[in-house]
Amino acid sequence: MLNVGLSGARREFICTFAELNSSDMAIVQLAVIFAFLAIGELVVWATGTSVPSSIIGMLLLTLCLCLRIIKLRHVEGAADFLVKNLGFFFVPAGVALMGYFDLIADQWLPIVVASAASTVIVLAITGHLHQLSRKYFNRHGVPRK
């Protein structure tokens, strides 16, 4: 901890990120991510919107990262860990689907058709938008990285 004298006898202890060990840094990084999740919950509660609070929280976190309000090092380690282990978060949903196996067995054709059609639509729209953006950037002289 860094001891900084602010006024005469009054002293405050300020801890910088550089002074934290790895386990403390992980706790701080998770706290930042969960703080934005809580802010998303607050926004949903205050506005009554139907957008999930996790989406709002992550959009706010992304905005703060882009505006450099939050530094990447304040969330990078925890975010990398969560992304590397993302598959584990789908296990409960997969197990829950097994409870509806009879419904899925009865409706397999519409499920497969809807999945295939939506995949083709997303690929077509993404490809079209990519082509449009390349034409736009080439026309306006924006160099590609």
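Rules of the game
- Residues numbered from 1 in each chain as written.
- Predicted model: local features only at pLDDT ≥ 70, side-chain atom pairs only at ≥ 80, totals over all residues.
- Heavy atoms only, no water.
- Helix = DSSP H or I, 4+ residues; strand = E, 2+ residues; numbered from the N terminus.
- Buried < 20%, exposed > 50% of the residue type's maximum accessible area, 1.4 Å probe, protein only.
- Contact = heavy atoms within 4.5 Å.
- Areas by Shrake-Rupley, 256 points an atom, 1.4 Å probe, with all protein chains shown as cover.
- Polar contact = N/O pair within 3.5 Å; in protein donor to acceptor, adjacent residues only side chain to side chain.
- Core = buried A, V, L, I, M, F, W, Y, C linked by side-chain atoms within 4.5 Å.
- 1 Å grid on protein atoms, 1.4 Å probe; cavity = no way out; pocket = protein on both sides within 12 Å on 5 of 7 lines; lining within 4 Å.
- Points joined across faces, edges and corners; volume = space filled by probe spheres on them.
- Nonpolar A, V, L, I, M, F, W, Y, C, P; charged D, E, K, R; others polar.
- Patch = residues over 30% accessible without salt bridge, like charges linked within 9 Å, V, L, I, M, F, W, Y side chains within 5 Å.
- Salt bridge = Lys/Arg side-chain N within 4 Å of Asp/Glu carboxyl O.

> Requested: an account of the overall build of the chain, with residues and values cited.
A count of helical and extended segments in the chain gives 6 helices and 2 strands. Evaluated residue by residue, the chain yields a buried proportion of 10% over its 145 residues. Taking as baseline every contact in the chain between residues at least 6 positions apart, the subset at least 24 positions apart corresponds to 35%. As presented, the chain carries roughly 11700 Å² of accessible surface, and 70% of it is formed by carbon and sulfur atoms.

> Report on the side chain of S53, specifying residues and quantitative values.
By the element assignment, S53 lies in helix α2 (residues 53-66). Of the residues examined, S53 reaches a relative accessible area of 12% and is grouped as buried. Side-chain polar atoms of S53 contact the side chain of E41, separated by 2.8 Å. Ignoring sequence-local partners within four residues, the contact set of S53 consists of L37, G40, E41 and V44.

> Pulling in residues and values, what's your account of the nonpolar core?
Counting 8 residues, the largest nonpolar core consists of V32, I33, F36, L61, C64, I70, V75 and A78. Elements represented by at least two residues in this core include exactly α1 (22-47) and α2. Counting residues per element, this core draws most heavily on α1, which supplies 3 residues. Look past the residues within four positions of C64 in its chain and what remains in contact with it is F36, I69 and I70.

> If you had to explain the layout of surface pockets to someone new, which residues and values would you point to?
Of the voids in this model, the largest pocket is the one considered here, and its volume is about 210 Å³. Together, I33, F34, L37, S54, M58, L61, V75, A79, L82 and V83 line the largest pocket. Sorting the residues of the lining of the largest pocket by element identifies α1, α2 and α3 (76-84) as the ones contributing at least two each. A breakdown of the residues in the lining of the largest pocket according to their chemical character gives 9 nonpolar, 1 polar and no charged.

> So what's going on with a nonpolar patch on the surface? Residues and values would help.
Taken together, the side chains of W108, L109, V112 and V113 define a hydrophobic patch exposed on the protein surface, amounting to about 410 Å² of accessible area. Position of L109 relative to the elements: it lies in helix α6 (residues 108-139). For L109, a relative accessible area of 48% gives the class partly exposed.

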